[in-house]
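Structural overview
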Amino acid sequence: MRYLGILAVAAFLLTGCETFAIHNYSLSNKNTDAIITAMNAGEVKSIAVGEFSASSPGQFEMTCGMNKQIRTPRHTPFEKYVREALIAELKKADAYSLDQIEAGKVITGHLDKFRFNSDTGGWDINLIITFKSGESFTVSESYLIDDTSCQQVTAAVVPAVQDLIYKVITHPIFQKKMGMTVN
């Protein structure tokens, strides 16, 4: 009997774990346009992005189904993946500048949640953005998908993060801090 148990464990280990790779972040024209609109309508023309933390720091993979994993490119922690995506969007819109660190126009982030919710069939992401002044706001993204196969769950990360960033840059507090008049 013990021999069968050892064989079962060995078979499980030999079959390995199937891994699905999250795509590199791709820029969103909708986000670029929203950033350009915000910066053109406001007094602040660029912003710096400080460090991002996370409730589960350093996490770069998670389970998707039985014996399957989804993983970020280059084992980048999820908080860094979101930070780099935001910086890429700001750079594309020519609205990112490290010079703003001196001026105090710096945002940091805390990735409070980044998980796939199999009950709803979507990504649940919560991000808290904080300005150097201490003012902060939270954005939440619940990106639903119809096909919850690991391949589709993995493919949905990029558009979910794009939508999350859109919510950051269109948030009334963000726009107010950029010097826009918010109704």
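Residues numbered from 1 in each chain as written. Predicted model: local features only at pLDDT ≥ 70, side-chain atom pairs only at ≥ 80, totals over all residues. Heavy atoms only, no water.

**Some thoughts on the overall build of the protein**
Put simply, the rule reads: Helix and strand assignments come from DSSP, with helices taken as H or I runs of at least 4 residues and strands as E runs of at least 2, each series counted from the N terminus. Any residue under 20% of the maximum accessible area for its type is buried, any over 50% is exposed, and the rest in between are partly exposed; the area is computed with a 1.4 Å probe on protein chains only. Whether two residues are in contact is decided by their heavy atoms, any of which lying within 4.5 Å being enough. Using the Shrake-Rupley algorithm and a 1.4 Å probe, accessible areas are obtained, with residue cover drawn only from the displayed protein chains.
Counting its regular elements, the protein contains seven helices and seven strands. Ordered by position in the sequence, the α and β elements of the protein form the string α-β-α-β-β-β-α-α-β-β-β-α-α-α. Within the protein, the fraction of its 183 residues that count as buried is 44%. In the protein, the proportion of contacts linking residues at least 24 apart, taken out of those at least 6 apart, comes to 67%. Just so you have it, the protein exposes about 9900 Å², and 52% of that area is on carbon and sulfur atoms.

**Describing the packing of helix H2 (residues 29–41) against helix H6 (residues 157–169)**
Inclusion rule: Interaxial angles span 0 to 180 degrees and are taken between N-to-C directions of axes, which are lines fitted to C-alpha atoms, for helices over the stretch in contact. Convention used here: angles under 35 degrees read as roughly parallel, angles over 145 as roughly antiparallel, angles from 65 to 115 as roughly perpendicular, and any remaining angle as oblique. Three residue categories are used. Nonpolar comprises Ala, Val, Leu, Ile, Met, Phe, Trp, Tyr, Cys and Pro, charged comprises Asp, Glu, Lys and Arg, and polar comprises the others, including Gly.
Packing of H2 against H6 leaves a shortest axis separation of 9 Å and a crossing angle of 10°. In terms of their interaxial angle, H2 and H6 are classed as roughly parallel. Here Lys-30, Asn-31, Ala-34 and Ile-35 of H2 lie close against H6, whose contacting residues are Gln-162, Asp-163, Ile-165, Tyr-166 and Ile-169. Broken down by class, the residue content of the contact of H2 with H6 amounts to five nonpolar, two polar and two charged.

**Brief notes about the packing of aromatic side chains**
The relation between two aromatic rings is expressed through the spacing of the ring centres and the mutual angle of the planes. Heads up, the condition is: Under the pairing criterion, centres of Phe, Tyr and Trp rings, with the six-membered ring standing for Trp, must be within 6.5 Å; the plane angle then separates stacked pairs below 30 degrees from edge-to-face pairs above 60, leaving the rest tilted.
Applying the stated criterion across every chain yields a total of five aromatic pairs. Considering the side-chain rings of Phe-131 and Phe-137, the 6.3 Å spacing of their centres and the 40° angle between planes classify their relative orientation as tilted. Overall, the relative accessible area of 4% leaves Phe-137 in the buried class. Three or more aromatic residues joined by ring pairs form one cluster here, namely Phe-78, Phe-114, Phe-116 and Trp-123.

**Quick notes on the environment of Cys-64**
Counting through the fold element by element, Cys-64 comes out in the loop between strand E3 (61–63) and strand E4 (68–71). Cys-64 sits in the buried class, given a relative accessible area of 9%. Taking the C-alpha atoms as reference, Cys-64 lies 8.1 Å from Val-153; in sequence the two are 89 residues apart. Every residue in contact with Cys-64, bar those within four places of it in the chain, is listed here: Gln-69, Ile-70, Cys-150 and Val-153.

**Some words on the state of the cysteines**
As a reminder, the rule being used: We call a pair of cysteine sulfur atoms a disulfide whenever their separation is within 2.5 Å.
Counted by the stated rule, this structure contains one disulfide. Between the sulfur of Cys-64 and that of Cys-150 lies a disulfide, 2.2 Å long from S to S. On the sign convention where negative means left-handed, the S-S torsion of about -110° between Cys-64 and Cys-150 marks this disulfide as left-handed. In this pair, Cys-64 sits in the loop between E3 and E4 while Cys-150 sits in helix H5 (residues 150–155), placing the two residues 86 residues apart along the sequence.

**Here we look at the confidence of the model for the protein**
Threshold: Each residue carries a pLDDT score, the predictor's own confidence in it, on a scale running from 0 to 100.
Residues of the protein with pLDDT of at least 70 account for 90%, and the chain-wide mean is 88. Counting contacts from residues 4–15, a segment whose pLDDT is below 50, to residues more than four positions away or on other chains yields two contacts.

**Observations concerning the pairing of strand E2 (residues 48–54)**
Put simply, the test is: Two strands pair under a simple rule: DSSP has to find at least two bridges between them.
The buried fraction of E2 is high, at five of seven residues. As judged from the five bridges shared by E2 and strand E5 (residues 106–117), these two strands associate in the parallel manner. The partner of Ala-48 across the bridge, within E5, is Val-106.

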